[in-house]
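# Secondary and tertiary structure notes
Each chain, letter by letter, is given below.
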Amino acid sequence: MTASAPGVVAAITEPGGKVVEVMPGEDGPEVRLRHRDTGGPHLRAPLRGLLTVSTGRPWRIEHPGSVHLVPRGEALVVTARTGPLGARLELAFTPDGLLTLTATWRNDSEHEVTDVAAGLLLPLPTTDANVTMPGVLYNGNPSSDPHRRVPRVEPGGGFVCEQDRLPVPAVNAAWSGRYVSLFAHPAPRRDEDGKVTYDSLGVIRQPGLTVAAMTGVIMFDGRPDVCYVSKAEVADDPIGYRTLAPGETITTRHTLDWGPVEPRGHGFRKLVTTRLYQEDDGGIRPLGREGDGARALGREDIVRLKANAMDGRWTGDGYLAYEGTRHGRPRSYLYGWTGQCLKLALCDALLGRPERTRRAADFYVEGSRTPTPGLRHGRYLLDDGRWETFRKDGADFVSSRAHGETIADLAGIALRFREAGLPVPPAWEEAVEEAAAFFWRTRLQEGIVPIGWTPDGRPFSAMVSAAGIACVQAMLGAHRLSGERVWLRRAEEVLGRYHRLHAATFERPFAHATLDASGEDKEAGMYYFLAAFELYRLTGQDLYARWAEVAADWLLTFVYVWSPEFDAGSTFERRGFRARGWPSVSVQNHHLDVFFPTSELMEFGLMTGRPRYAARAETILHAMGQGICREPGDWGFETPGEQGEGFFQTNWQRKGEANTWNPSWVIALPLYHALRMRKAT
């Protein structure tokens, strides 16, 4: 322990430039975190402000009455007391230059103490930080529908959730050229009934901005004991309270990282690139008791099973969006979004079955037209023999996300046919170019594509969103098919507009691609990554590789780097399900699904000399092999290859269970990526 400056009582340092100092303050000893490469403190707070413990319900932030600093060699040790509870907090640097914070609360009385809620607090020296909680909170979720309940941190409020809700169990806050990241080390607690619980993490703004690592209690909209339980739904759930017998302790361990970052909106990248989670011996370092992600099925098994499920959906002109009448839905083809009819047609082409591909593409191109050139219907009802659009807010609606990705897939089919030496119908190329022209012609004043259109081709809304980035891929498809550089230039211009609106600073993160949600979501960022990567392939400009890299890191904040344990008797516990490698969905929908640019992430890593992305893609693909029906009756399905859309890893709907809702995209995406990754190796 060394004193590093006048007035410093004690300090510890590490070679990379991090310094922890304790100095006299107005409210007792004060701790400061500094870094040699930034001008101001990353944290400045009274020592007593680092700890909280309360008894009774509801829980509340209460600091210990007094604290003491105890020298311990190369560590700083803080002791404190509140009523019958004593506390000890040890701060010490690891060889990797990260700060470990080990906190222990002990019942020093002769009586049992109930309803204990303890925690570690990091009061930030700003109220204007860009805060990321992976999968659930991105800069306050500014694009989420204000009329829907989703995680937010408004003045006077706060959001604290279970660690198993977070793909990366951490919180990052960034402001004024600096960042702080607090990482948890999840440790499951299993009660006598086999129920598993975890500690909690979150952010509280009461009144300042504080990162909170609690011993399991939760908060929603500043209300203690309220849990986010389903789409825009909350419920009272007083979980996480602890009972301490005389002499019994609670111990938590966290890791703290801090340093410079610009712009502040890119602080989230520190969550997926810090050495705590870097590639190590071929995989992400495990957290807690978990090791490598699941390898339930190999690529060939995934291809075989998913192709079988696809065969079961083929009806002669397309692929059923739903499995017969299993869910009471009319028989239909659905293009883009959860249907992915042309993505399935592309899979058939990759499997060497071009005749089905041709029939599906011809059926779409010939039948889906609307009176507006370039605008097409997105659904076909088989039994009615009728094309229709989607519906949104009670009105007919053509989704730019669904239309853009369908046209991009049509371009991909045409290019695949060219590569195979097969004739490409001129109508396919005309449909791609006509749609690309429509996308360009109907842009909003911000220069981006609207969230969608009315059936007569007018923008459905003037709302700025990232939903239409898929239309940039369609423009790039038009360029690759026609060779016309005008489409390349237009794609660059439009993606540049999206970049300035979203990815340059992430003040407004990617949002609104998921049609049944209304907020920040993985899929909105996915199409930006795909478009940026495609521009890099076409131009060789490193700028686009850098754009794609930032987007890949943002997407990876949605991907689990650890595997929570599950309640005894649950399906996941019985089947050994592991979440590591699975992506979650959005700030509204806290479950796992297979919608991810897995094969493109692998290609990007290999092509640009960024191998960590290729390694992550392998983990992701194999994780998604879980939940696939292998034989009739498996996972609730009769057709091998079928798979549920939602896997519930936390207290959102049915923890430890999967649903049997199986729209056809759950076939299309894993099959497409397994085919492409098989070919790549």
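Quick caveat, the model's predicted, so the values are computed rather than measured.

This part covers the pattern of salt bridges. Scanning the model with the defined rule gives 55 salt bridges in all. Between Asp-128 and Arg-264 there is a salt bridge whose closest N-O contact spans 3.6 Å. Of this pair, Asp-128 sits in the loop between strand E10 (113-123) and strand E11 (130-133) while Arg-264 sits in the loop between strand E25 (249-260) and helix H1 (269-273), and the two are 136 residues apart along the sequence. Close ionic contact of Asp-383 with Arg-331 constitutes a salt bridge, the shortest N to O distance being 2.8 Å. Residue Asp-383 is located in the loop between strand E29 (379-381) and strand E30 (386-388), and its partner Arg-331 is located in the loop between helix H2 (299-313) and strand E28 (332-334); the two are separated by 52 residues in the primary sequence. Given a relative accessible area of 56%, Asp-383 falls into the exposed group.

Quick look at the sheet that holds E28 now. One open sheet holds the three strands; their spatial order is E28-E29-E30, and the pairing between them is antiparallel. A strand with exactly one partner marks an edge of an open sheet, and here the two such strands are E28 and E30. Averaged over all neighbouring strand pairs, the angle between strand axes comes to 15 degrees, with direction disregarded. Here three bridges tie E28 to E29, and the two strands are oriented antiparallel to one another. The residue of E29 that forms the bridge with Leu-334 is Arg-379.

Let us look at the packing of helix H4 (residues 354-367) against helix H5 (residues 400-419). Viewed as axis vectors pointing N to C, H4 and H5 meet at an angle of 140 degrees, and their least axial separation amounts to 11 Å. Taken together, H4 and H5 sit at an angle that is classed as oblique. Between H4 and H5 the crossing geometry is left-handed. Contact residues: Pro-354, Thr-357, Arg-358, Ala-361, Tyr-364 and Val-365 in H4; His-403, Thr-406, Ile-407, Leu-410, Ile-413 and Phe-417 in H5.

We now examine helix H12 (residues 598-608). Counting buried residues in H12 gives nine out of 11 residues, a clear majority hidden from the surface. Buried within H12 are the following residues: Thr-598, Ser-599, Glu-600, Leu-601, Met-602, Glu-603, Phe-604, Gly-605 and Thr-608. The inward-facing, buried residues of H12 abut helix H9 (522-539), helix H10 (542-556), helix H13 (611-623) and helix H14 (665-680). Gly-609 lies just past H12 and shows a positive phi near 70 degrees.

So, how was this worked out
Residues numbered from 1 in each chain as written. Predicted model: local features only at pLDDT ≥ 70, side-chain atom pairs only at ≥ 80, totals over all residues. Heavy atoms only, no water. Salt bridge = Lys/Arg side-chain N within 4 Å of Asp/Glu carboxyl O. Helix = DSSP H or I, 4+ residues; strand = E, 2+ residues; numbered from the N terminus. Buried < 20%, exposed > 50% of the residue type's maximum accessible area, 1.4 Å probe, protein only. Pairing = 2+ DSSP bridges. Axes fitted to C-alpha atoms, helices over the stretch in contact; angles between N-to-C directions. Parallel < 35°, antiparallel > 145°, perpendicular 65-115°, else oblique. Left-handed = near helix turned anticlockwise from the far one by under 90°. Contact = heavy atoms within 4.5 Å.

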